[in-house]
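Here are the chains, one letter per residue:
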Amino acid sequence: MLSGLEKQPFDPNLLVGFDKADDAGVYRLRDDLALVQTLDFFTPIVDDPFDYGRIAALNSINDVWAMGGTPVTAMAITCFPKKGVDFAILQEIMRGGLSVLTENKVALVGGHSVDNEQIMFGYSVTGVIDPNHVATNGGARPGDVIILTKPIGTGVISTGIKMAKASPEIVAASIATMLTPGKSAAEAIAKFNVKGATDVTGFALLGHAWEMACASNVTIEIDSVRVPLIKGALELAAAGSLTGADKTNREYVGDTIEIAPKVDSNLVKLFYDPQTAGGLLLAIPEDKADDLLAELRRNYPRAEIIGRASERGEKAISVK
């Protein structure tokens, strides 16, 4: 959306802007301190307002963690109708969000609300980071192993909830995945000095992997059978429980992705499935990959090596 804007004047302290589709912006204040800034909000994806607020908070904070930063403050963004919906629902949404902020020691400093028929909620989050240790989309290098920290499938499950096709067990698994914070992954980024990282959200696994490949000028090869899935997501995808973003995400990456004919078409649907509060994609040299994976699995048991980066070829992404 911002790509059509005129290029802004050069600022040497703007370390990460919007030019390479990174999760957040990074602005240097001094040699050892920079701000990490992001915002995100979206419509309800679960029935329970408290859980919706919690998921919205983690979805916003994850952008800071994906850079390897520490979130410190947040401002709430709320769209809610003045009439027709009980304000107790909004109170529960905000209570859920605040519980996550408090748990992660993020101070709520204010916010803004708009009268709107469609409910939307999220946060603008500010964090801090050492400017010498920022993980970005452009940090992957040929030979790096690509790790995904959490399973995918939240988008089709959200649609399944709206269509009353998702069982309570599938819904619970999806909520548990979304409510797993990225804090431990951020700590692993710092511990292993990870340079290439992004979170998997609205543009889906392939969209965010594509952004990393383009920013890093590599080809990312994904082993389709190693991508972890939320239980029940594949069956919902096969039943047509897709979001509107399935089409737009395919258009977003265009023909720069090559998918082998043997890959199950329903699995491909999940690769284009938009995620909420999704996992992180991490690029790490192969000799550090096993140690990083072991570290991650303490908090993300479904973390998996799903591919590797190679010298840039004709395609940005190759799925086999």
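Above this text sits the structure in question.
Residues numbered from 1 in each chain as written. Predicted model: local features only at pLDDT ≥ 70, side-chain atom pairs only at ≥ 80, totals over all residues. Heavy atoms only, no water.

Colleague: I keep staring at the pairing of strand β11 (residues 280-285) and nothing clicks. Help me out?
Modeller: β11 sits mainly inside the fold: five of its six residues count as buried. Sheet analysis places strand β7 (residues 144-148) next to β11, joined by five bridges and oriented antiparallel. Bridge pairing links Ile146 to Ala283 in β11. When strand β8 (residues 196-199) meets β11, the two strands line up antiparallel, connected through four bridges. Among the inter-strand pairings, Gly196 is bridged to a residue of β11, identified as Ala283. (Buried < 20%, exposed > 50% of the residue type's maximum accessible area, 1.4 Å probe, protein only. Helix = DSSP H or I, 4+ residues; strand = E, 2+ residues; numbered from the N terminus. Pairing = 2+ DSSP bridges.)

Colleague: Sorry, what's going on with the side chain of Glu295 here?
Modeller: One can find Glu295 in helix α10 (residues 286-296). Excluding residues that lie within four positions of it along the chain, Glu295 makes contacts with Ala188, Lys191 and Phe192. (Contact = heavy atoms within 4.5 Å.)

Colleague: Is there a simple way to explain α10 in this structure?
Modeller: Each α-helix turn comprises 3.6 residues. Residues three or four places apart therefore point the same way. For α10, every residue scored as buried is listed here: Ala289, Leu292, Leu293, Glu295 and Leu296. Along the long axis of α10, the arc covered by the buried residues comes to 155°, so they all point the same way. Across from the buried face of α10, at angles greater than 90 degrees, the exposed residues are Asp287, Asp290 and Asp291. Residues of α10 that are buried in the fold lie against β7, α5 (183-191), β11 and β12 (304-311). (Arc of directions from axis to C-beta.)

Colleague: Which parts of the structure should I look at to understand the packing of helix α6 (residues 204-216) against helix α8 (residues 245-253)?
Modeller: Any two packed helices are characterised by the angle at which their axes cross and by the distance between the axes. Following both chains from N to C, one finds α6 and α8 inclined at 20°, their axes separated by 9 Å at the closest point. Between α6 and α8, the crossing angle belongs to the class labelled roughly parallel. Between α6 and α8 the crossing geometry is left-handed. Contact with α6, carried on its side by Ala204, Leu206, Gly207, Trp210 and Glu211, involves Asn249, Tyr252 and Val253 of α8 and no other residues of that element. Classifying every residue of the contact of α6 with α8 by side-chain character gives five nonpolar, two polar and one charged. (Axes fitted to C-alpha atoms, helices over the stretch in contact; angles between N-to-C directions. Parallel < 35°, antiparallel > 145°, perpendicular 65-115°, else oblique. Left-handed = near helix turned anticlockwise from the far one by under 90°. Nonpolar A, V, L, I, M, F, W, Y, C, P; charged D, E, K, R; others polar.)

Colleague: So what exactly am I meant to see when it comes to the nonpolar core here?
Modeller: The tendency in soluble globular proteins is for nonpolar side chains to be buried as a group. Formed by 76 residues in total, the largest nonpolar core has its most connected members in Leu205, Leu281 and Ile317. Ranked by residue count, the leading element in this core is helix α1 (residues 49-66), at eight residues. Excluding its chain neighbours within four sequence positions, the residues that come into contact with Ile317 are Leu206, Ala209, Trp210, Ala213, Ile220, Ile222, Thr256, Ile257 and Glu258. One finds Ala185, Val194, Leu296 and Ile305 within the second-largest nonpolar core, a separate group that totals 20 residues. (Core = buried A, V, L, I, M, F, W, Y, C linked by side-chain atoms within 4.5 Å.)

Colleague: How should the side chain of Thr154 be read in this particular structure?
Modeller: As for its placement among the helices and strands, Thr154 is situated in helix α3 (residues 154-162). At 3.1 Å, the side chain of Thr154 forms a polar contact with the backbone nitrogen of Thr276. Thr154 has contacts with Ser174, Met178, Ile230, Asp273, Pro274, Gln275 and Thr276, leaving out every residue within four places of it along the chain. (Polar contact = N/O pair within 3.5 Å; in protein donor to acceptor, adjacent residues only side chain to side chain.)

Colleague: Looking at this model, I keep getting lost on the sheet that holds strand β3 (residues 33-42). Mind explaining?
Modeller: Strand pairing in a sheet relies on backbone hydrogen bonds, with the paired strands running either antiparallel or parallel. Taken in spatial order, the six strands line up as β1-β2-β3-β6-β4-β5 in an open sheet, and their pairing is mixed. The sheet terminates laterally at β1 (14-16) and β5 (107-115), the two strands that pair on one side only. Each adjacent strand pair in this sheet contributes to an overall mean axis angle of 20°, direction not counted. In this fold α1 packs onto β3, β4 (70-80) and β6 (120-129), with an angle of close to 30° to the strand it touches most, β6.

Colleague: Before we go on, may I ask you to explain the sheet that holds β7 in this structure?
Modeller: Read from one edge to the other, the open sheet built from seven strands follows the order β8-β11-β7-β12-β9-β13-β10, with strand pairing classed as mixed. Two strands in the sheet have a free side with no partner beyond their single neighbour: β8 and β10 (257-259). Put simply, the sheet's adjacent strands are angled 20° from each other on average, direction ignored. Of the pairings in the sheet, the one linking strand β9 (residues 218-222) to strand β13 (residues 317-319) comprises three bridges and is parallel in character.

Colleague: I tried to follow the environment of Pro12 on my own but got confused; where do I start?
Modeller: Positionally, Pro12 belongs in the segment before β1. For Pro12, a relative accessible area of 46% puts it in the partly exposed group. C-alpha separation for the pair Pro12 and Tyr27, spaced 15 residues apart in sequence, amounts to 9.1 Å.

Function cannot be inferred from these measures alone, as they are strictly geometric.
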